[in-house]
Every structure is written in structure tokens, then in C-alpha cells.
Amino acid sequence: YLALGKKGALQALCRVVRDEKLGGFLAHDFQEPRWRSAAKKNAFSLLSKQQHGLAAAFFLLASDVEAAARVCSRQLADVQLAIVIARLHEAEAPELFGAIVEHELLPHAEAEADAWLVAVSHMLLGRPLEAV
């Protein structure tokens, strides 16, 4: 929900399951530096507790798209989710998509000897001659 910018829907879900602590936290304005900083601190705390999915969500609350995508691709081993986040937030982090494809997807495809995924990665990077 946070990747799609639907913080209100997540707040409503918190009310339904009676998670008042998270719902109350989500009620704050994360455009303010104070709350952005609090979200980032919580994200790092969640990383230390091995709660990577929640950590990625809190990085998104803090508007740290790169960190959220990095957590998804490295800690969660979900490169597809990292790519979706990068595409959804291209305006905020225009180079992120290419970096994920170059440094996460392409090495994975080469290590797995997946010729199709290597070719797609090169096409996504705008290098069609290397895709052949």
C-alpha cells in the first residue's frame, strides 16, 4: 500500500485489526523532517530485528526509495518487488530502475545461466546488441 501511495488505506486496515500503535504512527505527516526521521529510525530498528518487509515499508514512509528497493532485493531476495518500487517511484529516483537491473537482476541472471533473463536485462538497459 505504501509503495502505491495509499497510506490512508493502510491506516484503515490498522483500525480494522485494532493496531492502534501503527495506525497512530501512520497518522503523522511524513513530509515533516521530524516524522521522516522517525520512520527511517524505525526502519533501521526493524532491519536489526530481521523484519525486512516492514523495514522496506518504513523506508518508503521516509521517502527513501533507494533503501526500500535495496532491502527488497538483498534482504528479501525479491528483485521483482524492488523493480516495481523503482518503477512506481521513477520521478523521485530516476536512476534506480537501471541500477537495480544492472547490479541485481543481470548478475542474478548470469549466475543462474538464464539466457532469456540476461537478454531481457540488456534490453531494459537499452543495450539491444548485447541482448543477442
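Draft legend 1. Up close: the overall build of the protein chain. In terms of helices and strands, the protein chain carries nine helices and zero strands. Ordered by position in the sequence, the α and β elements of the protein chain form the string α-α-α-α-α-α-α-α-α. Projected onto its principal axes, the C-alpha positions of the protein chain cover 55 × 30 × 25 Å. With 132 residues in all, the protein chain has 39% of them scored as buried. In the protein chain, of all internal contacts separated by at least 6 residues, the share reaching a separation of at least 24 is 30%. By element, 56% of the accessible surface of the protein chain is carried by carbon and sulfur atoms, the whole surface being about 8,100 Å². Of the side-chain charges in the protein chain, 14 are positive and 16 negative, and the distance between the mean point of each set is 12 Å.

Draft legend 2. The packing of helix 4 (residues 52–61) against helix 5 (residues 65–75), seen in detail. Where helix 4 meets helix 5, the axes come as close as 7 Å, and the angle between the chain directions of the two elements is 165°. The orientation of helix 4 with respect to helix 5, classified from their angle, is roughly antiparallel. For helix 4 against helix 5, the interelement crossing comes out left-handed. Where helix 4 approaches helix 5, its residues His52, Ala56, Phe59 and Leu60 are matched on the opposing element by Val65, Ala67, Ala68, Val71, Cys72 and Gln75. The class makeup of the residues in the contact of helix 4 with helix 5 is eight nonpolar, two polar and no charged.

Draft legend 3. Focus on the packing of aromatic side chains. Here the structure, examined in full by the defined rule, presents four aromatic pairs. On the basis of an interplanar angle of 85° and a centroid distance of 5.2 Å, the ring pair of Phe44 and Phe59 is categorised as edge-to-face. Of the two residues, Phe44 is situated in helix 3 (residues 33–48) and Phe59 in helix 4; the sequence distance between them amounts to 15 residues. Under the relative-accessibility criterion, Phe59 is labelled buried at 2%. Feature note: the residues Phe25, Phe30, Trp35 and Phe58 constitute an aromatic cluster, connected by ring pairs. Residue placement shows Arg87 over the ring face of Phe97; its charged tip is 3.8 Å from the ring centre.

Parameters at a glance
Residues numbered from 1 in each chain as written. Predicted model: local features only at pLDDT ≥ 70, side-chain atom pairs only at ≥ 80, totals over all residues. Heavy atoms only, no water. Helix = DSSP H or I, 4+ residues; strand = E, 2+ residues; numbered from the N terminus. Buried < 20%, exposed > 50% of the residue type's maximum accessible area, 1.4 Å probe, protein only. Contact = heavy atoms within 4.5 Å. Areas by Shrake-Rupley, 256 points an atom, 1.4 Å probe, with all protein chains shown as cover. Lys, Arg positive; Asp, Glu negative; His and termini not counted. Charge placed at Lys NZ, Arg CZ, Asp CG, Glu CD. Axes fitted to C-alpha atoms, helices over the stretch in contact; angles between N-to-C directions. Parallel < 35°, antiparallel > 145°, perpendicular 65-115°, else oblique. Left-handed = near helix turned anticlockwise from the far one by under 90°. Nonpolar A, V, L, I, M, F, W, Y, C, P; charged D, E, K, R; others polar. Phe/Tyr/Trp six-rings, centres within 6.5 Å; stacked < 30°, edge-to-face > 60°. Lys NZ or Arg CZ within 6 Å of the ring centre and 35° of its normal.

That's the geometry; what it means functionally is another story.
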